[in-house]
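# Fold and contact review
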Amino acid sequence: MTDQNIIDSVLDGHTEMFAHVIRRYGKDVSQFVGRTIRPCEDAEEVAQDVFVKAFQQLNRYLSAKGSLKNWLLGIAWHEVLMYHRKNMPIIADIEPETTLEDYYDEETNRMLTELKEQRINALHEAVATLMPEDQMLLHLYYAEDLPLKEISEIVGHDHLYLATRLQRIRKKLCAIIKGIER
């Protein structure tokens with residue numbers, strides 16, 4: 001069953017069909033929200049709010065403008081920003097529980113120098129100082145590997161604006177890391 005079939009069915013009064021949307025995209029929304037919201041209970045609540053808002057605004061979804069997943073992530077984007085505005089940012093690391101061992105095999109780990117470990121730690125520290133919106137942009141672009149066009153659908157900004165913004169974020173990260181390494 002396609003996303004559009006499910007949506008049409010829900011809009012025709014078969015509200016129980018919305019469970020298909022939650023099953024299909026619940027993990028994506030939860031992971032996205034959980035990247036910058038701690039504790040996990042708050043992230044779960046925000047993720048639930050995303051689906052409540054999506055259900056309430058389902059008649060506004062236009063498949064011609066983008067995928068249902070991106071539409072849901074757009075709602076999640078705004079909900080996460082609202083959460084941070086209300087709670088003043090509790091900034092989390094992009095990959096808080098990831099260690100170097102998760103990325104490299106044993107032989108490569110032996111070859112890592114202390115300097116490389118310090119630079120990785122400096123990067124995590126630098127990312128943690130960014131505004132939640134900037135952290136989410138980095139996550140969408142680097143961790144989710146989404147193209148700028150899809151990110152623009154999610155966040156509601158032009159892709160050229162986002163390219164410039166990402167460039168500025170990278171420059172800011174470089175400056176922060178240089179300050180940390182001194």
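Summary of the structure given here.

About the cut-offs
Residues numbered from 1 in each chain as written. Predicted model: local features only at pLDDT ≥ 70, side-chain atom pairs only at ≥ 80, totals over all residues. Heavy atoms only, no water. Helix = DSSP H or I, 4+ residues; strand = E, 2+ residues; numbered from the N terminus. Buried < 20%, exposed > 50% of the residue type's maximum accessible area, 1.4 Å probe, protein only. Contact = heavy atoms within 4.5 Å. Areas by Shrake-Rupley, 256 points an atom, 1.4 Å probe, with all protein chains shown as cover. Arc of directions from axis to C-beta. Salt bridge = Lys/Arg side-chain N within 4 Å of Asp/Glu carboxyl O. Expected span 1.5 Å × (residues − 1). Bend = angle between axes of the 7 residues up to and from the residue. Phe/Tyr/Trp six-rings, centres within 6.5 Å; stacked < 30°, edge-to-face > 60°.

## Details of the overall build of the chain
Within the chain, the regular secondary structure consists of 10 helices and zero strands. Each helix (α) and strand (β) of the chain, taken in turn from the N terminus, gives the series α-α-α-α-α-α-α-α-α-α. Looking at the chain residue by residue over its 182 residues, the buried ones come to 38%. A separation of at least 24 residues holds for 66% of the contacts in the chain among residues at least 6 apart in sequence. For the chain, the computed accessible surface area is about 11,200 Å², with 52% contributed by carbon and sulfur atoms.

## Examining helix 9 (residues 148–155)
Those residues of helix 9 lying buried are Leu 148, Ile 151, Ser 152, Ile 154 and Val 155. On an axial view of helix 9, the arc spanned by its buried residues comes to 160°, and they lie on one face. Gly 156 sits one or two residues past helix 9 and shows a positive phi near 80°.

## Observations concerning the pattern of salt bridges
Per the counting criterion, the structure on display carries four salt bridges. A salt bridge links Lys 53 to Glu 79; the nearest nitrogen and oxygen atoms lie 2.8 Å apart. Of this pair, Lys 53 sits in helix 3 (residues 40–56) while Glu 79 sits in helix 4 (residues 68–87), placing them 26 residues apart in sequence. For Lys 53, a relative accessible area of 32% gives the class partly exposed. Glu 79 gets classed as buried once you look at its relative accessible area, which sits at 12%. Salt bridges sharing partners connect three or more residues here, namely Glu 133, Asp 134 and Arg 165.

## Some remarks on helix 2 (residues 18–34)
When the terminal C-alpha atoms of helix 2 are compared, their 22 Å separation across 17 residues agrees well with the 24 Å that a helix rising 1.5 Å per residue should span. Along helix 2, the sharpest change in direction is near 55° and occurs at Tyr 25. When helix 2 is considered as a whole, its buried residues turn out to be Phe 18, Val 21, Tyr 25, Gly 26, Val 29, Phe 32, Val 33 and Gly 34. Where the residues of helix 2 are buried, they touch helix 1 (3–11), helix 3, helix 4 and helix 8 (132–143).

## Considering the packing of aromatic side chains
If you walk through the whole model with that rule in mind, you get four aromatic pairs. Ring geometry for Phe 18 against Phe 51: centres 6.5 Å apart, planes inclined by 70°, an arrangement best described as edge-to-face. Of this pair, Phe 18 sits in helix 2 while Phe 51 is found in helix 3, placing the two residues 33 residues apart along the sequence. Look at Phe 18 and you get buried, because its relative accessible area is 6%. A relative accessible area of 8% means that Phe 51 is categorised as buried.

Keep in mind these numbers describe shape, not what the thing actually does.
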